[in-house]
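Okay, here's what each chain looks like letter by letter:
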Amino acid sequence: MAIAILPDGSKKEIPDGSTVMQLAESIGRGLAKAAVVGKVDDKIVDLSHKLTGEHRVSIVTERDTEGLLVLRHSAAHVMAEAILRLWPNAQLAYGPPLENGFYYDIALDTPISSNDFPKIEAEMAKIVAENRPFTRYELPCDKGISRLKEENNKYKVDNAERAIVGGADKLSWYVTGPLSEDGRPQNFEDLCMGPHVPSTGRVKAFKIMSIAQSHWHGDVASDKFQRVYGTAYFDKKQLDEQMKQLEEAKKRDHRVIGPQLGLFTIDEKVGQGLVLWKPKGAEIRLQLQNFISEHLRRQGYKQVFTPHIGRLDLYKTSGHFPYYRESQFPPLIDREFYDQLAKDNCGCAELSNRMEKGDIEGYLLKPMNCPMHIRIYASEPHSYRDLPIRLAEFGTVYRWEKSGELGGMTRVRGFTQDDAHLFCTEDQVAAEVKGCLELVKIVLGTLGMNDYRVRVGLRDPDSAKYVGKPEQWDRAEKACLDAAESLGVSFTKEPGEAAFYGPKIDFVVKDVIGREWQLGTVQVDYQLPERFDLTYVGADNKPHRPVMIHRAPFGSMERFIGVLIEHFAGAFPLWLAPVQVAILPISDKFNEYAQKVEQQLKAAGLRTELNTSSDKIGAKIRQATLDKVPYMLVVGEKEAAENKVAVRHRTEGDKGAVGIAEFIAKAQQEVASKGATS
């Protein structure tokens, strides 16, 4: 008999060789009907997976996130089959599920356009209606590779070879249909690790979303693909809700709103993924920096500044080079070293080989601020009485993101972190982590981003990527878990998600239309102080190793403000709005009075914009509304005579005439309160 240990800890005996589906049926008809896949000892498997021996088993249903990912993976296969029906010459490359859908990379000379989406969906509907089973079969690696080479799809051959290098001892395929009596596929098949939903009929609600260009393995010098994106849900209601959300997201897209409001631009002549902050966007950024700086001073942080490049040796010591070389810009070779290489007739191949080994002298565009802050700490001796030392910097760092993965301000190559590194004794770790979390809570609460969850990234005990002593990890993880517990919000423990040097706490924020963004983070680090041999003199007059805490409440200013633009749809609260008040004279006759109003508002610290164009007042109001200016002050003959302004709010309309001093006082009060709406 096989024994299944169920999620509640109970054990259920079933005949040896029973499938996961048969286990579900033995538990209940409702569970079997909702079952999508199974989870056996934490591995997702098909419902046809056979059970022998004793295992932890759970049934993944339509309500589980894992079930939705499997559905989308299956929908990618259905879409691929539909595309092959329409374009038989297409070659499939790769088709994974995504958090919000799926895609398939396809090599095809004929361009696919949005006009083709309805016919692709129609073919998919036929495949779904046929309700054919997803059937898995396997071949030994050598036979599988031979089979793929015969099919003349170099992309699948490459996928298979990578799987073998990764440790696969067999290759697996999925067929949308049963196998013949001799075990041969009769319908569409795709090289795939799986798992999949039981049949195509489970893909009930789907939609083709967009088409884009991609490259094999993200390399712009390699083969071009057409990447077809889609999404899928278990029922049409969920799909309709997603479509409404996406429609709202389009209206809020920071890549559209930002340039429209004059906040930022990304110029191809400057470089992909490099943000140019325009004056209005810079004002928002400055206000956020000033806001958090007040709290940094209150908590005893000291501001520092560090250069944009550093010696390679610094990042070799930290471990960032060469281990994270693929996510960094290539090294800048020391000119003297470069001249010596030239004298030695070193060719490009040898230079590349030395770079691969990390055996090279030069500099690196700063990928992280932490090594710089470590060297500031190490620049002078410290006593336990000095600790904690909290160093903060709005430091710009650079990462090499693939061009296909760049996206507006939320995925860039150069970004500024509201970074800080705290050096403390082990006894101080818990209190310092809580202080860091307090900052994140203040930031999110002030901006009205109160719908968030917390995840604690822990080490995977079976992984070799983590460095340091187990007892240090135990203490660091306990400090993070205790701090997360103190927040009073739900949090999840996620083994395997820790940084290589220590556990971390991430804040995942849900915006006003339900999308999630990973923003603030706090990390505990016992390893970098060890790598850099950092010390402080303890009460026993002996050297001790400090613990280091990394934290960034905003994360990246670019990413955070990109999210913020979409969260507020560009209509920032008064304290953050780049232009807080628009002054709109009814005609040129009242420009002089409008200028006096402007001077008084500016003297009071309010950010104003005076519109002295020849446009009619209706057009001026409309423009200020489109610019999402919180307040508009209309001035004409009556207002000038009474030393007043007629106040309009961008969403509430006419608020009546008030004295200038009264308006200033109310606006200043609203700014000081830092309300999340205006």
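Refer to the structure printed above.
Quick caveat, the model's predicted, so the values are computed rather than measured.

Before going further, it helps to examine the nonpolar core. Leu 288, Leu 447, Ile 505 and Phe 560 are the most contacted members of the largest nonpolar core, which has 63 residues in total. When residues in this core are grouped by element, the largest group, nine residues, is from helix α14 (residues 429–446). Contacts of Leu 447, omitting those with residues within four sequence positions, involve Leu 288, Phe 560, Leu 564, His 567, Phe 568, Trp 575, Leu 576 and Ala 676.

Since there are 3.6 residues in each turn of an α-helix, residues three or four apart along the chain are aligned in direction. Within the span of helix α1 (residues 20–27), buried status applies to Val 20, Leu 23 and Ala 24. The buried residues of α1 occupy one face: seen down the axis, they fall within an arc of 100°.

Here the distance between the centres and the angle between the planes together describe a pair of aromatic rings. For the structure shown, the criterion picks out 12 aromatic pairs. Centre to centre, the rings of Tyr 631 and Phe 663 are 5.6 Å apart; their planes meet at 80°, and the pair counts as edge-to-face. Here Phe 663 lies in helix α21 (residues 660–673) and Tyr 631 lies in strand β33 (residues 631–635), a separation of 32 residues in the sequence. Phe 663 carries the same exposure label as Tyr 631, and that label is buried. By way of ring pairs, the aromatic residues Tyr 155, Trp 216 and Phe 225 are connected into one cluster. Directly above the aromatic system of Tyr 233 lies the positively charged group of Arg 72, at a separation of 4.7 Å from the ring centroid. Geometry around Trp 173 places Arg 147 over its ring, the cationic atom sitting 5.4 Å from the centre.

Another aspect to go through is the sheet that holds strand β24 (residues 452–458). With mixed pairing, eight strands are arranged side by side in an open sheet as β18-β22-β23-β30-β27-β26-β24-β25. With partners counted over all chains shown, the strands left at the sheet margins are β18 (302–303) and β25 (491–495), one partner each. Relative to strand β23 (residues 414–424), strand β22 (residues 389–398) runs antiparallel, the two sharing 10 bridges. Counterpart to Tyr 398 in the pairing with β23 is Gly 414. Set on the sheet, helix α15 (residues 470–486) makes contact with β24, β25, β26 (504–510) and β27 (516–525); between it and β24 the angle comes to about 170°. Here helix α17 (residues 557–568) sits on the sheet and contacts β22, β23 and β27; the angle it forms with β27, its principal contact strand, is near 150°.

As for its placement among the helices and strands, Asp 109 is situated in the loop between β10 (101–107) and α4 (117–130). Taking relative accessible area as the criterion, Asp 109 reaches 80% and is therefore assigned exposed. For Asp 109 and Lys 224, which are 115 residues apart along the polypeptide, the C-alpha to C-alpha distance reads 9.8 Å.

This part is about the sheet that holds strand β11 (residues 134–140). As summarised here, the arrangement of the three strands in space is β11-β12-β13, forming an open sheet in which the pairing is antiparallel. Bordering the open sheet on either side are β11 and β13 (189–191), each of which pairs with just one other strand. Each strand axis lies, on average, 25° off the axis of its neighbour in the sheet, ignoring direction. The strands touched by helix α5 (residues 141–151) within the sheet are β11, β12 (170–176) and β13, with β11 carrying the most contacts at an inclination of about 110°. On the sheet, helix α6 (residues 154–165) packs against β12 and β13 and is oriented at approximately 45° with respect to β13.

All told, the structure shown has 43 salt bridges when counted by the stated rule. Taking the shortest distance from any N to any O, the salt bridge between Glu 123 and Arg 85 comes out at 3.2 Å. Of this pair, Glu 123 sits in helix α4 while Arg 85 sits in helix α3 (residues 65–86), and the two are 38 residues apart along the sequence. The exposure class of Glu 123 is buried, given its relative accessible area of 13%. Across the pair Glu 652 and Lys 655 runs a salt bridge whose closest N-O atoms are separated by 2.6 Å. Lys 655 gets classed as partly exposed once you look at its relative accessible area, which sits at 46%. A cluster of three or more residues bridged by salt bridges with shared partners is formed by Glu 81, Arg 85, Glu 123, Lys 126, Glu 130 and Arg 132.

Conventions and cut-offs
Residues numbered from 1 in each chain as written. Predicted model: local features only at pLDDT ≥ 70, side-chain atom pairs only at ≥ 80, totals over all residues. Heavy atoms only, no water. Core = buried A, V, L, I, M, F, W, Y, C linked by side-chain atoms within 4.5 Å. Buried < 20%, exposed > 50% of the residue type's maximum accessible area, 1.4 Å probe, protein only. Helix = DSSP H or I, 4+ residues; strand = E, 2+ residues; numbered from the N terminus. Contact = heavy atoms within 4.5 Å. Arc of directions from axis to C-beta. Phe/Tyr/Trp six-rings, centres within 6.5 Å; stacked < 30°, edge-to-face > 60°. Lys NZ or Arg CZ within 6 Å of the ring centre and 35° of its normal. Pairing = 2+ DSSP bridges. Axes fitted to C-alpha atoms, helices over the stretch in contact; angles between N-to-C directions. Salt bridge = Lys/Arg side-chain N within 4 Å of Asp/Glu carboxyl O.

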